[in-house]
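Examining the three-dimensional arrangement
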Amino acid sequence: MSTLNRREMIQMSAACGMGAVIGDAEFSEHALGVDASPAQGTSGASPIQTRMFWTWDHSTEWALNRPGAHTHGSCNEYGRSTDSFVQDYTALLRWCGQHQIDAVVVWGLLRDGHGGVESAKRLCDVAAKENVRLLCGVGLNAYGGVYYEGNSPHNLERHLEAHPELLAVDAEGNPLSFTIDLNGKKTPITTKGQPGPRGFYQACPSRRENQDFMAESLGWLFKNLPLGGVQMETGDTGICQCKLCRDRRQHSTSDFSWLSWEDMGLMYPLATNAVRSVAKDAWVVCETYSHPQPHHGPDKPPKFGDTMPAWAAAELAKFPRGVFVQWVADYFMKNGEITPAWTAEGRVTKGDHRHVMRSHLATSWFGNRGELAVDWLANLVQRSIASGFEGISLFGEVSPFHAGAELNYLALADYGGADNHKVDLDSFQQRIAAPLLGGADNARDFLRFARLLSDRGKIPAALTSIYGRLASLPPDAARRWCWLANQLASFVPLEP
Ligand SMILES: [Zn+2]
């Protein structure tokens, strides 16, 4: 563990880091007790029924030319103003409303530093007006709980400060609360009552007091905010190894130290009941940190994005009926292609749950923030549909002013929808990208040039080609080409 640096750790972390083709009549939303309003992307028999954006507040930058946004990471301090926070997400929610993105997950939604409940209320109003579901990211045993940062009784850090006996512990009995810097140095958190950066706090999920705190906090959240739902996680930055937890987990030895399917099977039903007792129509999205590809061979401790152990199916079956189950595809993709490791066995079953696949495409976690990924996303959505998924989630932190992000978001809105059931990249390029980039030939070149980040010796010639065509393009198309040219040029070393 001592060799694990902050970046590696963060890359493993989802929070610190999103049924089969749903036209089947038997899988009716009504039967699952979830909202089936047409505006929630449930039209007809399109393979993809649900589209989501996943964000951290500190890295979301849709209101341009304002200071303080992070470009990577998770659990960071918030560096922008309250006004920027509200304007960032107002712009984001409006775009979603105009482009049929159904939901936006916000981690760090509630912080004293950007207006707390009042700012969140304003964003709930915008979301309602745009018919988009605003989902609060909530760590059940980690990530600050319901109120991410601040002097709130619903903040997990304050709760654990008041009750240190409820902290999760490692195998040696030491509290699982720490910060880790970019050099990999891990430091126990000993200060109290100070604002962030927060570091990582974990609560013992076996303790009834923590379960009650979580349930009461979720009840408070939905009584005080008209949210569209919640995206919840049990934590993937270390799990409690106390005797209660070890005795409870039937399959996880002490080297299963990062995340726990058994903790999910315990906590998601409790949390879902707490939400639904107040807001019965709320969307509940449960993170698995995993891929549905079954793991064969000797049991091994799961890590972020890993295969699913056979015994985890029993834990998945405990997830409440009607919730969204969120999976991750990152490590089953390479260079934008689906790897052979994702086989026909790696599928989800329709019935009790709605399944959402996500990837960290076009982020610093898994490439370059805001880079063009329309071809990679097509591969992901095609395979996800074939594997039983009805939902796709993508990071939405970058403004669509940046052409790569804009095209990715438009592809998310298009793939698997009414006009593109088969997730055909060429169809997207011709119908949607070409008019924005100066025609079909230009759209094809735009994607071809964007891929030169992995063949950088060809970038100078591409830049010459791009600069040569700018004058003949309409202004908005030229602006998008300027974005690509500058992105490519930034990877070419400057003259000494
Ligand atoms: Zn414990």
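Residues numbered from 1 in each chain as written. Predicted model: local features only at pLDDT ≥ 70, side-chain atom pairs only at ≥ 80, totals over all residues.

The backbone of Asn-65 sits at a positive phi, close to 60 degrees, despite the residue not being glycine. Among the secondary structure elements, Asn-65 is positioned in the loop between strand E1 (50–56) and helix H3 (82–98). At Tyr-143, a position not held by glycine, the phi torsion is positive, near 55 degrees. Looking at the secondary structure, you find Tyr-143 in the loop between strand E3 (133–139) and helix H5 (156–162). A tally of 28 C-beta atoms within 10 Å means that Tyr-143 is categorised as buried. (Helix = DSSP H or I, 4+ residues; strand = E, 2+ residues; numbered from the N terminus. Buried ≥ 20, exposed ≤ 12 C-beta atoms within 10 Å, placed from the backbone.)

Attention now moves to the pairing of E3. Taken residue by residue, a regular strand's side chains alternate between the two faces of the sheet. Of all seven residues in E3, seven are buried; the element is thus mostly enclosed. Burial of E3 is two-sided: the residues Arg-133, Leu-135, Gly-137 and Gly-139 facing one way and the residues Leu-134, Cys-136 and Val-138 facing the other way are all buried. For the crossover that starts at strand E2 (residues 103–107), traverses helix H4 (residues 116–130) and ends in the parallel E3, the hand is right-handed. (Right-handed = clockwise from strand over helix to strand, strands pointing away.)

Put simply, H3 and H4 touch, their axes get as near as 9 Å, and they point 15 degrees apart. Relative to H4, H3 is oriented roughly parallel. Viewed along their axes, H3 and H4 form a crossing whose handedness is right-handed. Facing Thr-82, Phe-85, Val-86, Tyr-89, Thr-90, Leu-93, Arg-94, Cys-96 and Gly-97 of H3, the residues of H4 in contact are Ser-119, Arg-122, Leu-123, Val-126, Ala-127 and Glu-130. (Axes fitted to C-alpha atoms, helices over the stretch in contact; angles between N-to-C directions. Parallel < 35°, antiparallel > 145°, perpendicular 65-115°, else oblique. Left-handed = near helix turned anticlockwise from the far one by under 90°. Contact = placed C-beta atoms within 7 Å.)

Taking 1.5 Å of rise per residue, 17 residues should cover 24 Å, and H3 covers 25 Å from first to last C-alpha, within 8% of that figure. Those residues of H3 that fall on the buried side of the exposure criterion are Ser-84, Phe-85, Asp-88, Tyr-89, Leu-92, Leu-93, Trp-95 and Cys-96. With its buried residues spanning 160 degrees around the axis, H3 presents them on a single face. Next to the buried residues of H3 lie E1, E2 and H4. One or two residues past the end of H3 sits Gln-100, with phi positive at roughly 60 degrees. (Expected span 1.5 Å × (residues − 1). Arc of directions from axis to C-beta.)

Before going further, it helps to spend a moment on the sheet that holds E3. Ordered in space as E1-E2-E3-E6-E7-E10-E13-E14, the eight strands form a closed barrel in which the pairing is parallel. Averaged over all pairs of adjacent strands, the angle between their axes in this sheet comes to 25 degrees, without regard to strand direction. In this structure, E2 lies alongside E3, joined through four bridges in parallel fashion. Looking at the pairing, Val-106 lines up with Cys-136 of E3. (Pairing = 2+ DSSP bridges.)

This part takes up the nonpolar core. Counting residues in hydrophobic clusters, the biggest one holds 132 residues, and the most contacted among them are Val-104, Leu-135, Val-284, Cys-286 and Leu-377. With eight residues, the single largest contributor to this core is helix H8 (residues 261–276). In this structure, this core is formed jointly by two domains, domain 1 (6–423) and domain 2 (437–496), each of which donates at least three residues. The contact partners of Cys-286, leaving out residues within four places of it in the chain, are Met-232, Met-264, Tyr-268, Phe-319, Val-323, Phe-324, Val-325 and Gln-326. (Core = buried A, V, L, I, M, F, W, Y, C linked by C-beta atoms within 7 Å. Domains from an automatic or database assignment.)

To continue, consider the packing of helix H14 (residues 459–469) against helix H15 (residues 475–489). Running from N to C, H14 and H15 cross one another at 160 degrees; their axes reach a closest spacing of 10 Å. Considering the angle they form, H14 stands roughly antiparallel to H15. The way H14 lies across H15 gives a crossing that is left-handed. Residues Ile-459, Ala-462, Leu-463, Ile-466 and Tyr-467 of H14 lie in contact with H15, whose contacting residues are Trp-481, Leu-484, Ala-485, Leu-488 and Ala-489. Residue composition of the contact of H14 with H15, grouped by class: ten nonpolar, no polar and no charged. (Nonpolar A, V, L, I, M, F, W, Y, C, P; charged D, E, K, R; others polar.)

What follows deals with helix H13 (residues 440–450). Among the residues of H13, Asn-442, Ala-443, Phe-446, Phe-449 and Ala-450 are the ones counted as buried. Buried positions in H13, seen along its axis, are confined to an arc of 135 degrees and lie on one side of it. Along H13, exposed side chains directed more than 90 degrees from the buried face belong to Asp-441 and Arg-448. The inward-facing, buried residues of H13 abut helix H12 (425–437), H14 and H15.

In terms of residue burial, strand E14 (residues 391–395) counts as a mostly covered element, since five of its five residues are buried. Sheet topology places E1 next to E14; five bridges connect them, and they run parallel. Among the inter-strand pairings, Met-52 is bridged to a residue of E14, identified as Ser-393. Assessed by its sense of winding, the connection that carries the chain from strand E13 (residues 354–359) through helix H10 (residues 374–386) to E14 is right-handed.

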